[in-house]
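# Coordinate inspection notes
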Amino acid sequence: MNDPIKLAIVDDEMLFLEGLSLLLSDEGKWRIVLKANGGQMLLDKLANLPLSDFPDILLLDIQMKPMDGFQVINTLKKHYSELKIIVVSSHYRSEIFGHMIKLGASGFLPKDCNYEDLEVAIDSVYKTGAFFSPDDYKMLASFVKKKSTTKYFNSLDKLSSREVEVLKLICSEFTNQEIANKLYLSKRTIENHRQRILDKIGAKNTAGLVVYALSHDVYIPPNFNYHN
C-alpha cells in the first residue's frame, strides 16, 4: 500500500478549513499534516515541521488578510520550491488563474467544486505536477490571448526538437518514468530535459510548462482549439 499523500490546508474561513480537513481526513489515501488560518501561521508551522511530515501538496485560499495568497506563494517558492500548491478560491477568473500559475501554483479549483474534482486535482498534481480541467483550459486560452507571452516567459532560447517532444508528453500528463519508457531513455535523462526546459522558458513548474506550450502552439488539449 502506498503512503498517504500529505496535505496542508490554509484558509481564513474557519468553517471551510475545518470542513475540508474533516472531509479529506476520512480518506485513507491522504493525511492532513498542517492546518492554518493565515499565511504567517502557515510559514511558522512549516518552519517547525519535521521533514517526515512536510506536505506534498498545499491547498491554499487567495483572499486572506494580512497576507494574501499571492504573497504566500511568492514566499513559499523562495523557500520551499518543491511544495506543490493548489489554489482553492471563490475568485476563479482567467486573470487570477493565469497569474497564480505564473507565480508557481500547480492547479486552481473553485470553492464550489465537487468532491470528485478535488480528488482528481490532488491525485493529478501529486502524480504529474499539474491539474487542468476543461474550464481551466478555456480560461488559459483567454489569458494567453490577452497577455503578451514575452511578459511571462523567456523565449530567447529555442527548444530543441527533443525538448519539444518531451514538453508535449509532459503536457499530456505523462510522468517522467512514463516519458522515459516512451522515448527509450532513462528517467534521469527526462528529468534533465524537464529542468532545461524550465530554465530556458522561465517557468516555475509543470503548470507553467503547459501555459507556455499552449501559448506557443506546442500543445493543444484533445478536442479543443483555444484560438476559437
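Below is a summary of the structure that appears in this document. (Residues numbered from 1 in each chain as written. Predicted model: local features only at pLDDT ≥ 70, side-chain atom pairs only at ≥ 80, totals over all residues. Heavy atoms only, no water.)

### Re the pattern of salt bridges
Per the counting criterion, the structure on display carries twelve salt bridges. The closest approach of N and O atoms between Asp11 and Lys111, which form a salt bridge, is 2.8 Å. Here Asp11 is found in the loop between β1 (5-10) and α1 (14-25), whereas its partner Lys111 is found in the loop between β5 (107-110) and α5 (115-128), with 100 residues between them in sequence. The exposure classification of Asp11 matches that of Lys111, with both residues buried. When the shortest N-O distance is used, the salt bridge between Glu163 and Arg196 registers 3.7 Å. (Salt bridge = Lys/Arg side-chain N within 4 Å of Asp/Glu carboxyl O. Helix = DSSP H or I, 4+ residues; strand = E, 2+ residues; numbered from the N terminus. Buried < 20%, exposed > 50% of the residue type's maximum accessible area, 1.4 Å probe, protein only.)

### Observations concerning the pairing of strand β3 (residues 57-60)
Taking every second residue as pointing to the same face, both faces of β3 are buried, with Ile57 and Leu59 on one and Leu58 and Leu60 on the other. Pairing of β1 with β3, which is carried by four bridges, proceeds in the parallel orientation. Residue pairing across strands places Leu7 opposite Ile57, the latter belonging to β3. Bridge count between β3 and strand β4 (residues 84-89): four bridges; the pairing is parallel. If you follow Leu58 over to β4, its bridge partner there is Ile85. The parallel pair β3 and β4, bridged by helix α3 (residues 69-79), forms a crossover whose chirality is right-handed. (Pairing = 2+ DSSP bridges. Right-handed = clockwise from strand over helix to strand, strands pointing away.)

### Topic: the layout of surface pockets
Taken as a whole, the largest pocket encloses approximately 680 Å³ of empty space. Looking at the largest pocket, it is lined by 22 residues, and the ones nearest its centre are Glu82, Lys84, Gly129, Arg194 and Thr206. Broken down by class, the residue content of the lining of the largest pocket amounts to four nonpolar, ten polar and eight charged. Looking at the second largest pocket, its volume works out to about 200 Å³. Taken together, eleven residues form the lining of the second largest pocket, with Asn2, Asp3, Ile5, Lys29 and Tyr126 sitting closest to its centre. At the level of secondary structure, the elements contributing two or more residues to the lining of the second largest pocket comprise β1 and α5. (1 Å grid on protein atoms, 1.4 Å probe; cavity = no way out; pocket = protein on both sides within 12 Å on 5 of 7 lines; lining within 4 Å. Points joined across faces, edges and corners; volume = space filled by probe spheres on them. Nonpolar A, V, L, I, M, F, W, Y, C, P; charged D, E, K, R; others polar.)

### Re the packing of helix α2 (residues 39-48) against α3
It is at 10 Å that the axes of α2 and α3 come closest, and there the two elements cross at 20°. The orientation of α2 relative to α3 falls into the category roughly parallel. For α2 against α3, the interelement crossing comes out right-handed. Between α2 and α3, the residues in contact are Gly39, Leu42, Leu43 and Leu46 and Val72, Thr75 and Leu76, respectively. Of the residues that constitute the contact of α2 with α3, the class distribution is five nonpolar, two polar and no charged. (Axes fitted to C-alpha atoms, helices over the stretch in contact; angles between N-to-C directions. Parallel < 35°, antiparallel > 145°, perpendicular 65-115°, else oblique. Left-handed = near helix turned anticlockwise from the far one by under 90°. Contact = heavy atoms within 4.5 Å.)

### Structural notes on the nonpolar core
If you look at the biggest cluster of nonpolar residues, it comprises 55 residues, and the most contacted ones within it are Leu42, Leu58, Leu76, Met100, Phe132 and Leu167. Ranked by the residues each element gives to this core, the list is headed by helix α11 (residues 206-215), at seven residues. Contacts of Leu76, omitting those with residues within four sequence positions, involve Leu42, Leu43, Leu46, Leu58, Ser81, Leu83 and Ile85. (Core = buried A, V, L, I, M, F, W, Y, C linked by side-chain atoms within 4.5 Å.)

### Comments concerning helix α10 (residues 187-201)
In this model α10 runs 21 Å from its N-terminal to its C-terminal C-alpha over 15 residues, within 8% of the 21 Å that 1.5 Å per residue would give. Within the sequence span of α10, burial applies to Ile190, His193, Arg194, Ile197, Leu198 and Ile201. Projected onto a plane normal to the axis of α10, the buried residues spread over an arc of 135° and lie on a single side. More than 90 degrees from the buried face of α10, the exposed residues found are Arg188 and Asp199. Positioned one or two residues after α10, Gly202 has a phi angle of 80°, which is positive. (Expected span 1.5 Å × (residues − 1). Arc of directions from axis to C-beta.)

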